[in-house]
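Topology and contacts: notes
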Amino acid sequence: MKVETNSTPSVSGADLQTDLTDRLTKAGNPPQSVTCPGDLVGEVGKTVTCDVVFSDTNSVEAILTATKVDGTTVNYDVAPALTAEQLQKAVSGLASTPTVSCDSGLEGTVGATATCEVTTNGVASKRLVTVSGVNSLSMDLDVTLVATKQQVEEMLKQKMAADSGTEPENVACVDDIVAKAGNTVECLVTGGGTDQSYIVTVTTIEDDTVNFDYAAKP
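Residues numbered from 1 in each chain as written. Predicted model: local features only at pLDDT ≥ 70, side-chain atom pairs only at ≥ 80, totals over all residues. Heavy atoms only, no water.

1. Notes on the pairing of strand E10 (residues 123–135)
Taken together, the eight bridges between strand E9 (residues 113–120) and E10 define a ladder with antiparallel strand orientation. Each residue of the ladder has a partner; that of threonine 119, found in E10, is alanine 124. In this antiparallel pair of consecutive strands, E9 and E10, the connection spans two residues, and asparagine 121 shows a positive phi of 55 degrees. As judged from the nine bridges shared by E10 and strand E11 (residues 138–147), these two strands associate in the antiparallel manner. The residue of E11 that forms the bridge with valine 134 is methionine 139. Where E10 folds back onto E11 in an antiparallel hairpin, the turn is made up of two residues, including serine 136, whose phi is positive at roughly 60 degrees. (Pairing = 2+ DSSP bridges. Helix = DSSP H or I, 4+ residues; strand = E, 2+ residues; numbered from the N terminus.)

And the structure:
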């Protein structure tokens, strides 16, 4: 984009809005609105963040980064990101639940993660949101149930009691566990005057129920 200036070149917020709208429309994903609060200074590495709204439940931040400056021409790359509020709306739509609270936003980088709490019928559960794909300003999100450390401890205590007839005195697990088959977490079980470490392994997930096996750590 060419900008006439006698000093450091820049692209105005209005021009950024027009250019970004055109790019997205040509890519087959026309936005409802694009809002860029400031100019993009023509220095490599400089950034400006624009708000892009596709629908009431789908909006993203577009991070524009200057990549090359040639005279008065400023070239820039566009990368997506989600604020905590935008992520909450996205997860709400994916999980078909109206109540979502996320602890942070999410960068548009494959593998980036954030943690959200989803409340369904008055019951809160933890979710791990992972970026699985990025295409222009579209982000593919995987939302996975997380069994918290406290939930794993209680589930293991109950399962061991059912298997042996005796509930252990204490169970202490080292961390939460993402509910994907094969994932593991180590837990220390105290009972009968002895301590024994066990490896808890997720086997299957049914709705919001995590099924698992456990085995003594060698």
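Having seen the structure, we can now continue with the description.
2. Some words on helix H3 (residues 149–164)
The periodicity of an α-helix, 3.6 residues per turn, causes residues three or four positions apart to be oriented the same way. In this model, H3 (16 residues) spans 22 Å end to end at C-alpha, consistent with the 22 Å of a helix rising 1.5 Å per residue. When we look at burial in H3, the residues that qualify are Val152, Glu153, Leu156, Lys157, Met160 and Ala161. Considered in projection along H3, the buried side chains sweep an arc of 160 degrees and stay on one side of the axis. For H3, the elements touching its buried residues are E11, strand E12 (170–173), strand E13 (177–178), strand E14 (184–191), strand E15 (194–206) and strand E16 (209–216). Note on H3: the residue one or two positions beyond its end, glycine 165, has a positive phi of about 85 degrees. (Expected span 1.5 Å × (residues − 1). Buried < 20%, exposed > 50% of the residue type's maximum accessible area, 1.4 Å probe, protein only. Arc of directions from axis to C-beta. Contact = heavy atoms within 4.5 Å.)

3. Quick word on the pattern of salt bridges
Evaluation of the coordinates by the stated rule reveals four salt bridges. Two residues, arginine 23 and aspartate 19, come together in a salt bridge whose shortest N-O distance is 3.3 Å. Taken together, the positions of arginine 23 and aspartate 19, both in helix H1 (residues 13–26) and four residues apart, correspond to about one turn of that helix. Take arginine 23: its relative accessible area is 36%, and that puts it in the partly exposed class. Here aspartate 19 falls in the buried class, since its relative accessible area comes to 18%. Note that aspartate 176 and lysine 126 form a salt bridge whose closest N and O atoms lie 2.4 Å from each other. Remark: lysine 126 occurs in strand E10 and aspartate 176 occurs in the loop between E12 and E13; sequence separation between them is 50 residues. (Salt bridge = Lys/Arg side-chain N within 4 Å of Asp/Glu carboxyl O.)

4. Focus on the environment of serine 7
Relative to the helices and strands, serine 7 resides in the segment before strand E1 (10–11). Each C-alpha atom, one on serine 7 and one on glycine 42, is 9.9 Å from the other, the two residues being 35 residues apart in sequence.

5. Observations regarding unusual backbone geometry
Positioned with a positive phi, serine 136 is a non-glycine residue whose angle comes to about 60 degrees. Positionally, serine 136 belongs in the loop between E10 and E11. A relative accessible area of 45% means that serine 136 is categorised as partly exposed.

6. A look at the confidence of the model for the chain
Of the residues in the chain, 95% have a pLDDT of 70 or more, and the chain-wide mean is 90. At the level of individual helices and strands, the chain shows its lowest average pLDDT in helix H2 (residues 84–95), which scores 85, and its highest in strand E2 (residues 33–35), which scores 96. (pLDDT = per-residue confidence, 0-100.)

7. Some points on H1
For H1, with 14 residues, the first-to-last C-alpha span of 20 Å sits near the 20 Å given by 1.5 Å per residue. Listed in full, the buried residues belonging to H1 are Gly13, Leu16, Asp19, Leu20 and Leu24. Projection of H1 onto a plane perpendicular to its axis shows the buried side chains occupying an angular sector of 130 degrees, all on one side. Tucked into the core, H1 has its buried residues touching E1, E2, strand E3 (40–41), strand E4 (47–55), strand E5 (58–70) and strand E6 (73–82). In the segment just after H1, glycine 28 is the residue with positive phi, at about 85 degrees.

8. Looking at the sheet that holds E14
Pairing in this open sheet of four strands is antiparallel, and the strands run E12-E14-E15-E16 from one edge to the other. Across the chains shown, the open sheet's two edge strands, defined by having one partner strand only, are E12 and E16. Looking at each pair of strands side by side, their axes are set apart by 35 degrees on average, direction ignored. One ladder, built from eight bridges, connects E15 with E16; its direction is antiparallel. Within the sheet, the bridge partner assigned to tyrosine 198 lies in E16 and is alanine 216. With respect to the sheet, H3 is in contact with E12, E14, E15 and E16, its orientation differing from that of E16 by roughly 65 degrees. (Axes fitted to C-alpha atoms, helices over the stretch in contact; angles between N-to-C directions.)

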